[in-house]
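Coordinate inspection notes
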Amino acid sequence: MCLAIPGKVVEATDLGFSRIAKVQFGGITRQVSLDFVPETQPGDYVLVHVGFAISRISPEEAERTYELLRQIQEADELAPEEPL
Amino acid sequence: MKYLDEYRDADITRALAARIRARVTRPWVLMEICGGQTHTLMRYGLPDLLPPEVELVHGPGCPVCVAPLEFVDRAIEIASRPGVIFVSYGDMLRVPGSQSDLFRVRAAGGDVRMAYSPLEAVKLAQEYPTRQVVFFGIGFETTAPANAMAVWHAKRLGLTNFSMLVSHVLVPPAVRLLLGSPVNRVQGFIAPGHVCTIMGHREYQALSTEFHVPIVIGGFEPVDLLEAIAMLVDQLEDGRAQLENQYSRSVTREGNIPAQKLMEEVFEITDRKWRGIGMIPLSGHRFREEYAAYDAERIFGAQEIHVEEPAECISALVLQGLKKPVDCTAFGTRCTPEQPLGAPMVSSEGACAAYYAYRRHTAPEASA
Ligand code: SF4
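Procedures and definitions
- Residues take numbers from 1 onward in each chain, read along the sequence in its written order.
- Going through the entries in the order they are written, you letter the chains from A and number the ligands from 1.
- Local features are withheld for residues below a pLDDT of 70 in this predicted model, meaning they are given only at 70 or higher, and side-chain atom pairs are given and counted only at 80 or more; totals for whole chains, interfaces and linings count all residues.
- The side-chain quantities take in all heavy atoms of the structure and omit both hydrogens and water.
- Near is defined per residue: the residue qualifies when any heavy atom it owns lies within 4 Å of the molecule or strand.
- Only protein atoms enter the calculation, which uses a 1 Å grid: trapped sets of points that fit a 1.4 Å probe without letting it out are cavities, open sets showing protein on both sides within 12 Å along at least five of seven lines are pockets, and any residue with an atom within 4 Å of a point is a lining residue.
- Cavities and pockets are treated as containing a molecule whenever more than half of the molecule's atoms lie within 2 Å of their grid points.
- Start and end positions for the domains come from either an automated domain assignment or a database one.
- Whether two residues are in contact is decided by their heavy atoms, any of which lying within 4.5 Å being enough.
- As used here, buried area is the combined drop in accessible area, with a 1.4 Å probe, of two parts when they are placed together.
- Salt bridge, as applied in this entry: a Lys or Arg side-chain nitrogen positioned within 4 Å of an Asp or Glu carboxyl oxygen.
- The term polar contact refers here to a pair of N or O atoms within 3.5 Å; inside protein, the definition further demands a hydrogen-donor-capable atom paired with an acceptor-capable atom, and it admits residues adjacent in sequence only when both atoms are side-chain atoms.
- We count a stretch as a helix when DSSP gives it H or I for four or more residues in a row; a strand needs E for two or more, and each element gets its number in order from the N terminus.
- Residue classes follow a fixed rule: Ala, Val, Leu, Ile, Met, Phe, Trp, Tyr, Cys and Pro count as nonpolar, while Asp, Glu, Lys and Arg count as charged, and any other residue, Gly among them, counts as polar.
- pLDDT is a per-residue confidence score from the predictor, ranging from 0 to 100.
- Grid points are joined across faces, edges and corners, and a volume is the space filled by probe spheres set on the points.
- In summary, the pairing rule links any two rings of Phe, Tyr or Trp, Trp by its six-membered ring, whose centres are within 6.5 Å, and it sorts them by plane angle into stacked for under 30 degrees, edge-to-face for over 60 and tilted for everything else.
- Burial here depends on accessible area, computed with a 1.4 Å probe over protein chains only, as a share of the maximum for the residue type. Under 20% is buried, over 50% is exposed, and the range in between is partly exposed.
- Only strands that DSSP links by at least two bridges are regarded as paired with each other.
- Helix axes are fitted to C-alpha atoms over the stretch in contact, other axes to C-alpha atoms as well, and angles between N-to-C directions run from 0 to 180 degrees.

So, the site of the ligand
Residues and elements named next belong to chain B. Residues in close proximity to the ligand include Cys313, Ile314, Ser315, Cys328, Ala330, Phe331, Cys335, Leu341, Gly342, Pro344, Met345 and Cys352, which together make up its full environment. At a threshold of 2 Å from the grid points, most atoms of the ligand map onto the largest cavity. Both of domain 1 (1–300 + 308–325) and domain 2 (326–367) provide at least three residues apiece to the shell around the ligand.

Regarding the interface of chain A and chain B
If you look at the interface, chain A gives 38 residues, while chain B gives 48 residues. Carbon and sulfur atoms supply 66% of the area buried between chain A and chain B, which totals about 3800 Å² over both sides. On the chain A side of the contact with chain B, Met1(A), Cys2(A) and Phe36(A) bury the most area, a combined 22% of that side's loss. Connecting chain A to chain B are 0 salt bridges. Run the count over chain A and chain B and you get 9 residue pairs in polar contact (both at pLDDT 80 or more). Of all the elements in the fold, those that place two or more residues in the side of chain A that touches chain B are strand 3 (28–33), strand 4 (45–49), strand 5 (52–56) and helix 1 (59–78) of chain A. Among the elements that make up the side of chain A that touches chain B, the one with the highest residue count is helix 1 of chain A (10 residues). Considering only residue class, the side of chain A that touches chain B consists of 23 nonpolar, 9 polar and 6 charged.

What to know about the confidence of the model for chain A
Taken as a whole, chain A shows an average pLDDT of 86; of its residues, 92% reach a score of 70 or greater. The secondary structure element of chain A with the lowest average pLDDT is helix 1 of chain A, at 79, and the one with the highest is strand 5 of chain A, at 97.

Let's talk about empty space enclosed by the protein
Residues and elements named next belong to chain B. Overall, the coordinates contain 2 cavities of 30 Å³ or more when judged by the stated rule. Here the largest cavity defines a volume of roughly 80 Å³. Cys313, Ile314, Ser315, Val318, Cys328, Ala330, Cys335, Leu341, Gly342, Pro344, Met345 and Cys352 are the residues that line the largest cavity. At the level of elements, helix 15 (315–319) and helix 16 (343–346) are the ones that each hand at least two residues to the lining of the largest cavity. By residue class, the composition of the lining of the largest cavity is 10 nonpolar, 2 polar and no charged. When residues of the lining of the largest cavity are sorted by domain, at least three fall in each of domain 1 (1–300 + 308–325) and domain 2 (326–367). Breaking the lining of the second largest cavity down by element, the ones donating at least two residues are helix 2 (35–43), strand 2 (54–61) and helix 15. Tallied by class, residues from the lining of the second largest cavity come to 6 nonpolar, 6 polar and 1 charged. Mapped onto the domain boundaries, the lining of the second largest cavity takes at least three residues apiece from domain 1 (1–300 + 308–325) and domain 2 (326–367).

Structural notes on the packing of aromatic side chains
Overall, the coordinates contain 10 aromatic pairs over all chains when judged by the stated rule. A centroid spacing of 5.0 Å and a plane angle of 80 degrees characterise the contact between Tyr45(A) and Tyr3(B), whose relative ring orientation is edge-to-face. Here Tyr45(A), found in strand 4, pairs with Tyr3(B), found in the segment before helix 1 (10–23), and the two come from separate chains. Note on Tyr45(A): relative accessible area 16%, which makes it buried.

What to know about the pattern of salt bridges
Residue and element names in this part refer to chain B. As enumerated under the stated definition, the model contains 28 salt bridges over all chains in all. Across the pair Lys324 and Glu55 runs a salt bridge, and its minimum N-O distance is 3.3 Å. Of this pair, Lys324 sits in the loop between helix 15 and helix 16 while Glu55 sits in strand 2; the two residues are 269 residues apart in sequence, bridging distant segments of the chain. With a shortest N-O distance of 3.4 Å, Glu244 and Arg240 are connected by a salt bridge.

What to know about the sheet that holds strand 5 (residues 132–139) of chain B
Residue and element names in this part refer to chain B. If you trace the 4 strands from one edge of the open sheet to the other, you get 4-3-5-6, paired in parallel fashion. Since the sheet does not close on itself, it has two edges, and those belong to strand 4 (111–115) and strand 6 (162–168), each with one partner. Going from strand to strand, the sheet's axes swing by 25 degrees on average, the running direction of each strand aside. In the sheet, strand 3 (residues 84–89) pairs with strand 4 via 5 bridges, with the strands oriented parallel. Each residue of the ladder has a partner; that of Ser88, found in strand 4, is Met114. Sheet strands in contact with helix 5 (residues 69–79) are strand 3, strand 4, strand 5 and strand 6, and its direction is about 165 degrees off that of strand 6. Across the sheet, helix 8 (residues 144–156) touches strand 3, strand 5 and strand 6, and the angle it forms with strand 6 is around 160 degrees.

In structure tokens form, the structure reads like this:
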């Protein structure tokens, strides 16, 4: 129910009372309301839930997580094989 | 796809599980609150990767599951009326009421439609000015702003044939109920990342401080969940009890302010009954007086019905993490997703349905 998926904003239009975007999810493009993240620009990634963008994905935060995960993965590869 | 595939990486998942195994020294009971997270855990078999010390119990975070039986009956009754176009998120269509479900209403000639977004219902109301369009507004804080926006647009457009049957529930009061229970076993929580995307840290910070319990806001992919579990285990092993945010690519401290504002503009907080749990004070939404014209309960007349849940169903215990689905004598036999007896079997995000779908049928002795 609370499913929200990331997509890339390819186009944003102001309708006066509302701001809408074309958002790409893999191969599919859908119309999405930007009412809750009005500062969104084309090129941004947003999380979309029931037709509404609910957040702009922060590239800096995502990068920090990747860095951390890469470290964990490397540490694991260096660790001796442990018996399960 | 970007921001998705990386978080399903099998090597990172394995590495995180190894880190948890290396860290854990004692048994810990953790709860993921949200049904979407339960679904991911089961789908990717994550509990099997964890050391035996880490026990995961599943929370009440499935709005479809906790919508009370009488509320589903109410929806069915409205949907059956001539002239009504009843619009619902797909999840809700096959949820059984006490007698029927929305699919059967449709089979019997009712105009029941499935929508991806509540805005589709607003559009229908514009297209069919002589019909009453009723939207089934269920959901947590993640969905409530979208439903509020649909109402706001209906008002802006001056629509008089659009209304909403609202059954929103709020997460923190349910967590407070669990934590306050004398039989609570949960020592650390994964908070729902999309609810927190809207609501921010504040309420979960308060719960963590009040009950001195570690809470980590977590995402929905396998890597997100294992990282959140690793963060909880770190806290518990260190003797810390803080609010931490694993899902920082989406969740900010203050949350989504425009969404919070609109939700508060249209709805106010009220007591709500949760299927399988009972009445929880101040745990849901109802329309504010200014928006009463869009309240389907008022338009179609309120109705007090009381329906008993099947006695065999232990969903109250399952939804509070006190029992596992496989502890239920009806699991997989008298209760299946096709013929659900209780709340957590009706939606794919309910714990019983997630166990069933991913074949965790390790019921001790199914008394068929
Ligand atoms: S398996 Fe069915 S009857 Fe048993 S607790 Fe789950 S929903 Fe209720």
